[in-house]
Amino acid sequence: MWKEIAIAISQATGEKFNADRCQAKSGGCINQANMLSDGKRQFFVKTNIANCLDMFVAEAIALKQMHGTKTMRVPQPICWGTVGETAYLVMENLELGGNQDWEAMGRNLAAMHRVTSDRGFGWDRNNTIGATPQINNWTNDWIDFWQEYRLAFQIRLAKRKGWRCAVPEAKIYEAIPKFFRDYQPQPAMVHGDLWGGNAAFINGEPVIFDPALYFGDREVDLAMTELFGGFPAQFYRAYNGAYPLDAGYRERKNLYNLYHILNHFNLFGGGYGSQASRMIESICS
């Protein structure tokens, strides 16, 4: 398999690449990751079963679009395809580490969020959030998009996995409009899965990766940065200095993070189900 991937890298880069080392890399729970090297050049390779190719294609296109904004550094996709029963995505290998400039992370993310779409909310293709399908049908109304393609989709999956909530599903959707009485979000380019594990630095330069990209309310990214421990305070200060958040963000972030907690239940089960139920009770109160 690695020989075939090395050939694909050679064709994509126009320079002969003979991989002589393959080193397993840690960090992901959905895909396998390796670093391929020929002694001079290194590439980061994600692999999964062959029918996951569409997931890798969507990720590659997202990375290209994010790179094209010239706002935030992301790993450059090199090539992708299948070898036998394995799908792969090759990207530049970034040596993460060194200084952490969280103010730059905030400013750069704010700049990316200023990239908008004239087609409404959604994206040109569906992708994944973790291993879960993420539907991105273009929609003019943000409430409709969030209800149908984010919450309702995850709730249907969760119910099939045995999740039950004391709050009727209809009441959840009836509660959503109250969060938008004085707020009309614009369709911003969002990372879509921006927790601490998908953000890093190269000697101070911010890098984000593993996107679940679409055009949505920029607050979804800010909300998720707070979900699992939060980013440092200087990140939020710099973001707000560059692109101030609406005063209602504090009330909406629970609504936005419900999507990710439901997804974690669908992926991992356990206590995420009861956490989702508590969040719903708060949203509907």
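Residues numbered from 1 in each chain as written. Predicted model: local features only at pLDDT ≥ 70, side-chain atom pairs only at ≥ 80, totals over all residues. Heavy atoms only, no water.

> Quick question: what am I supposed to make of helix H9 (residues 272-284) here?
Three- or four-residue spacings in an α-helix give side chains the same orientation, since the helix completes a turn every 3.6 residues. With 13 residues, H9 should cover 18 Å at 1.5 Å per step; its first-to-last C-alpha distance of 18 Å lies within 8% of that length. Buried within H9 we find Gly273, Ala276, Ser277, Met279, Ile280, Ile283 and Cys284. Along the long axis of H9, the arc covered by the buried residues comes to 165°, so they all point the same way. (Helix = DSSP H or I, 4+ residues; strand = E, 2+ residues; numbered from the N terminus. Expected span 1.5 Å × (residues − 1). Buried < 20%, exposed > 50% of the residue type's maximum accessible area, 1.4 Å probe, protein only. Arc of directions from axis to C-beta.)

> Before we go on, may I ask you to explain the packing of helix H8 (residues 249-268) against H9 in this structure?
Geometry of a packed helix pair, given as the angle between the helix axes and the separation of the axes. Two numbers describe how H8 lies on H9: the axes approach to 8 Å, and their chain directions differ by 160°. Relative to H9, the element H8 is oriented roughly antiparallel. H8 and H9 meet at a crossing whose hand is left-handed. Every residue of H9 that contacts H8 at Asn254, Leu255, Asn257, Leu258, Ile261, Leu262, His264, Phe265 and Phe268 is listed here: Tyr272, Gly273, Gln275, Ala276, Met279, Ile280, Ser282 and Ile283. Counted by class, the contact of H8 with H9 contains 11 nonpolar, 6 polar and no charged residues. (Axes fitted to C-alpha atoms, helices over the stretch in contact; angles between N-to-C directions. Parallel < 35°, antiparallel > 145°, perpendicular 65-115°, else oblique. Left-handed = near helix turned anticlockwise from the far one by under 90°. Contact = heavy atoms within 4.5 Å. Nonpolar A, V, L, I, M, F, W, Y, C, P; charged D, E, K, R; others polar.)

> Is there a simple way to explain the layout of surface pockets in this structure?
A probe matching the size of a water molecule, rolled over the atoms, marks out where space remains unfilled. Approximately 170 Å³ is the volume found for the second largest pocket. For the lining of the second largest pocket, the secondary structure elements donating two or more residues are helix H2 (53-68) and strand E7 (127-129). Looking at which element gives the most residues to the lining of the second largest pocket, the answer is H2, with 3 residues. The residue makeup of the lining of the second largest pocket, split by class, is 5 nonpolar, 5 polar and 2 charged. (1 Å grid on protein atoms, 1.4 Å probe; cavity = no way out; pocket = protein on both sides within 12 Å on 5 of 7 lines; lining within 4 Å. Points joined across faces, edges and corners; volume = space filled by probe spheres on them.)

> Got a minute to help me understand the environment of Ile261 in this structure?
Position of Ile261 relative to the elements: it lies in helix H8. Residues Ile261 and Trp138 lie 123 residues apart in sequence; the distance between their C-alpha atoms is 24 Å. Residues within four places of Ile261 in sequence aside, it is in contact with Leu227, Tyr272, Gln275, Ala276 and Met279.

> Explain the pairing of strand E4 (residues 77-83) here, please?
Working note: regular strand, side chains alternate between the two faces of the sheet. Inspection of the sheet shows E4 paired to strand E5 (residues 86-92) by 6 bridges, in the antiparallel sense. Note that in E5 the partner of Cys79 across the bridge is Val90. The antiparallel hairpin formed by E4 and E5 contains 2 residues in its connecting segment, where Gly84 sits at a positive phi of about 60°. (Pairing = 2+ DSSP bridges.)

> Would you explain the environment of Arg237 in this entry?
Structurally, Arg237 can be placed in helix H7 (residues 233-242). Residue classification places Arg237 among the exposed residues on the basis of a relative accessible area of 56%. Separated by 41 residues in sequence, Arg237 and Gly196 have C-alpha atoms that sit 17 Å apart.

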